[in-house]
Amino acid sequence: MRYDMAIIGSGAAAFAAAITARAGGHSVVMVERAEVGGTCVNTGCVPSKALLAAAGARHDAVAPRFPGVGTQAGPVNFPALIAGKDDLVAAMRQGKYLDLANEHGWRIIPGQARFVPGPRLHVAIRGGGSELVDAAHYLVATGSAPWVPPVPGLRRAGYLTAASAAALDELPQSLLVLGGGAIGLEQSQMFARLGARVDLVEALDRLAPAEEPEISAALTGTLADEGIHVHTASELRSVTRDESGHLVATALARLPAGAEGAARSRRRSTLRGQDLLLAAGRRAVTGGLDLAAAGVRTGADGAIPVDGRQQTSNPRVWAAGDVTAGPQYVYAAAAQGTLAAENALGGGGRALDYTAMPRVIFTDPAVASVGLTEAQAVRQGRRPDCRTLPLRHVPRAVVNRETRGLVKLVAEAGTGRLLGAHAVADGAGEVITTAGLAITGRMTVTQLAGLWCPYLTMTEALKLAAQSYSRDVSRLSCCAA
């Protein structure tokens with residue numbers, strides 16, 4: 001049985017590749033060991049953002065912003081909330097994955113694939129039996145899974161991931177969250193807004209460590225205002241459960257430079273919670289694939305190195321999405337899957353340009369970034385010229401009565417060319433695309449300051465931040481050009 005392309009996995013990268021291949025008239029088969037749709041629709045983006053939206057609605061009811069508008073919120077019916085999320089996920093999985101596979105005309109084999117010499121795929125079919133799949137090209141798109149750090153007692157005590165937390169029968173009264181990146185931040189705020197007591201532990205010195213320091217500081221303040229206990233520069237050293245079944249975690253925190261005595265480097269603390277949620281990073285899922293049988297090399301963390309065309313060390317085997325060492329975003333995975341299919345089946349040499357690829361953390365207010373940070377610009381040998389605009393200067397934020405946040409622009413000194421844009425703001429994820437287009441177009445901050453921006457939109461924050469390079473925006477009228 002020979003196909004033009006055999007795909008392992010059924011998430012964003014896999015489906016993008018399959019649709020591209022079928023559009024070119026090529027035969028495709030797909031192998032999926034679990035639920036069709038991969039992480040995003042089943043346990044990642046879709047369910048988490050649905051629950052974040054629900055938590056946001058409750059928060060707005062508990063903490064109204066507008067004078068004269070009284071609101072209130074009772075306890076969360078957690079089973080009903082989870083059931084609604086499950087219905088949404090099932091509908092999207094059917095409409096955007098299963099139905100599309102039927103419409104485009106490729107087969108999905110339910111089972112575990114592994115490479116055998118040839119290369120070919122041996123598929124142990126779920127429910128019994130097996131099948132050998134022979135294809136001209138293979139695409140590995142098996143995604144990633146949460147990393148479990150080697151904390152003594154953690155596996156025995158048990159833990160949640162974002163996926164298992166979204167399938168709980170009841171809302172935890174208290175929760176320890178390990179990891180201050182995107183997933184940890186979103187999960188912490190979501191559970192806190194639903195009514196849980198949350199402690200957030202991050203090993204590095206600040207939350208969202210990949211973002212600008214100003215972003216981290218704004219996030220820390222926002223979470224603290226909402227009652228979340230933030231522990232940065234802290235490492236879990238042990239985890240147990242007490243006689244009541246609650247988790248007891250020991251953390252060591254680094255003290256600031258200048259602290260006196262032998263205790264300068266470490267401070268021990270004890271944290272307690274009903275459950276612990278892991279959000280300390282993810283690792284590529286390559287176990288059981290026997291990639292060595294196909295001559296495909298992997299890195300120390302299991303990820304599959306690829307070239308700019310998404311090709312592995314075997315020219316007939318390609319990889320896309322989180323299983324590679326590239327950016328772990330669903331839109332990146334889809335673009336890589338499309339690219340892999342085009343290059344494998346069309347003989348092309350196209351590569352992706354990640355220069356203006358944005359990223360978003362769906363907290364409230366949201367975090368969005370594109371391009372270089374100030375530190376990255378320095379490491380590249382550039383001279384950055386930066387401006388930071390607090391949201392109190394943005395009319396849309398003022399009338400929304402939500403001025404927590406800021407916009408920071410990173411420009412190149414001398415030329416004024418925009419190198420990066422970073423925001424903490426309501427709607428930051430919608431605004432950041434405009435900044436990405438400006439970077440792609442090699443615009444200067446002077447040009448950005450002259451953009452047509454409708455009054456009372458958050459996009460105006462970019463224009464005002466750009467204007468701050470040459471003007472004192474605090475002394476402008478509210479709609480001054």
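Structural data are supplied above this passage.
Residues numbered from 1 in each chain as written. Predicted model: local features only at pLDDT ≥ 70, side-chain atom pairs only at ≥ 80, totals over all residues. Heavy atoms only, no water.

1. A short note on the overall build of the chain
Thought 1: What the chain contains, in helices and strands, is 14 helices and 20 strands.
Thought 2: For 481 residues, the compact-globule estimate of 2.2 N^0.38 gives 23 Å, and the C-alpha radius of gyration of the chain, at 24 Å, lies within 12% of that figure.
Thought 3: Principal-axis analysis of the C-alpha atoms gives the chain an extent of 70 × 60 × 50 Å.
Thought 4: Intrachain contacts of the chain at a sequence separation of at least 6 include 63% that bridge at least 24 residues.
Thought 5: Element-wise, carbon and sulfur atoms account for 53% of the exposed surface of the chain, whose accessible area totals about 21600 Å².
Thought 6: Side chains of the chain give 47 positive and 41 negative charges; the mean places of these two sets differ by 4 Å. (Helix = DSSP H or I, 4+ residues; strand = E, 2+ residues; numbered from the N terminus. Rg over C-alpha atoms; globule rule 2.2 N^0.38 Å. Contact = heavy atoms within 4.5 Å. Areas by Shrake-Rupley, 256 points an atom, 1.4 Å probe, with all protein chains shown as cover. Lys, Arg positive; Asp, Glu negative; His and termini not counted. Charge placed at Lys NZ, Arg CZ, Asp CG, Glu CD.)

2. A closer look at the packing of helix α3 (residues 45-62) against helix α7 (residues 182-194)
Thought 1: It is the contact of α3 with α7, at a shortest axis distance of 8 Å, that shows an interaxial angle of 45°. The angle between α3 and α7 falls in the class oblique. In this structure, α3 crosses over α7, and the sense of that crossing is left-handed. Counted together, Ser48, Lys49, Leu51, Leu52, Ala55, Gly56, Arg58 and His59 of α3 and Glu186, Gln187, Met190, Arg193 and Leu194 of α7 form the full contact between these two elements.
Thought 2: Split into classes, the residues belonging to the contact of α3 with α7 amount to five nonpolar, four polar and four charged. (Axes fitted to C-alpha atoms, helices over the stretch in contact; angles between N-to-C directions. Parallel < 35°, antiparallel > 145°, perpendicular 65-115°, else oblique. Left-handed = near helix turned anticlockwise from the far one by under 90°. Nonpolar A, V, L, I, M, F, W, Y, C, P; charged D, E, K, R; others polar.)

3. Re the state of the cysteines
Thought 1: Scanning the model with the defined rule gives zero disulfides in all.
Thought 2: No disulfide involves Cys45; its sulfur sits 3.1 Å from that of Cys40, the nearest cysteine. (Disulfide = S-S within 2.5 Å.)

4. As for the packing of α3 against helix α4 (residues 78-104)
Thought 1: Between α3 and α4, the least distance of the axes is 10 Å, while the angle of their chain directions is 140°. When the axes of α3 and α4 are compared, the pair comes out oblique. As α3 runs across α4, the sense of the crossing is right-handed. Along its contact with α3, which presents Val46, Pro47, Ala50, Leu51 and Ala54, the element α4 presents Leu81, Ile82, Lys85, Leu88, Val89 and Met92.
Thought 2: The residue inventory of the contact of α3 with α4, partitioned by class, reads 10 nonpolar, no polar and one charged.

5. A few points about the side chain of Gln311
Thought 1: Secondary-structure assignment places Gln311 in the loop between β14 (282-284) and β15 (317-319).
Thought 2: Within the structure, the side chain of Gln311 is placed 3.1 Å from the side chain of Arg309, a separation counted as a polar contact.
Thought 3: Leave out the neighbours within four places in its chain, and Gln311 touches Pro305, Val306, Val317 and Trp318. (Polar contact = N/O pair within 3.5 Å; in protein donor to acceptor, adjacent residues only side chain to side chain.)

6. Concerning the pattern of salt bridges
Thought 1: Evaluated as defined, the whole model comprises 19 salt bridges.
Thought 2: The salt bridge involving Asp134 is made with Arg2; its shortest N-O contact spans 3.7 Å. With Asp134 in strand β5 (residues 130-140) and Arg2 in strand β1 (residues 2-8), this residue pair connects regions lying 132 residues apart in the sequence.
Thought 3: Through salt bridges that share partners, Arg193, Glu226, Asp364, Glu402 and Arg404 make up one connected network. (Salt bridge = Lys/Arg side-chain N within 4 Å of Asp/Glu carboxyl O.)

7. With respect to the environment of Glu460
Thought 1: Here Glu460 shows up in helix α14 (residues 460-467).
Thought 2: Along the backbone, Glu460 and Arg379 are 81 residues apart, and their C-alpha atoms lie at a distance of 30 Å.
Thought 3: Those residues in contact with Glu460 that lie beyond four places of it in its chain are Pro395, Cys453, Pro454, Tyr455 and Cys478.

8. Overview of the nonpolar core
Thought 1: Of all hydrophobic cores here, the largest spans 34 residues; its most connected members are Phe78, Leu185, Phe191 and Leu277.
Thought 2: Put simply, the parts of the chain that give this core at least two residues each are α3, α4, β7 (174-178), α7, β8 (197-201) and α8 (213-225).
Thought 3: With five residues, α7 is the single largest residue contributor to this core.
Thought 4: If we ignore the near neighbours within four places in the chain, the residues touching Leu277 are Leu160, Thr161, Ala162, Ala165, Leu175, Leu176, Val177, Leu178, Gln187 and Phe191. (Core = buried A, V, L, I, M, F, W, Y, C linked by side-chain atoms within 4.5 Å. Buried < 20%, exposed > 50% of the residue type's maximum accessible area, 1.4 Å probe, protein only.)

9. Section: the sheet that holds strand β12 (residues 267-273)
Thought 1: Reading across from one edge, β10-β11-β12 is the order of the three strands in this open sheet, with antiparallel pairing throughout. Of all strands in the sheet, those bounded by a partner on one side alone are β10 (234-241) and β12. In this sheet, adjacent strand axes meet at a mean angle of 25° when their direction is disregarded.
Thought 2: Summarising the sheet, β10 and strand β11 (residues 247-253) pair through seven bridges and their orientation is antiparallel. Among the inter-strand pairings, Glu235 is bridged to a residue of β11, identified as Leu252. (Pairing = 2+ DSSP bridges.)

10. Comments concerning the sheet that holds strand β9 (residues 229-231)
Thought 1: Pairing is parallel across the open sheet formed by four strands, whose spatial order is β9-β8-β7-β13. In the strand order of this sheet, the two ends are held by β9 and β13 (275-278), each with one partner. Taking each pair of neighbouring strands and ignoring which way they run, the sheet shows an average axis angle of 20°.
Thought 2: Bridge count for β8 against β9 is three bridges, and the pairing is parallel. Within β9, the residue paired with Leu200 across the bridge is Val230.

These figures capture arrangement, not role.
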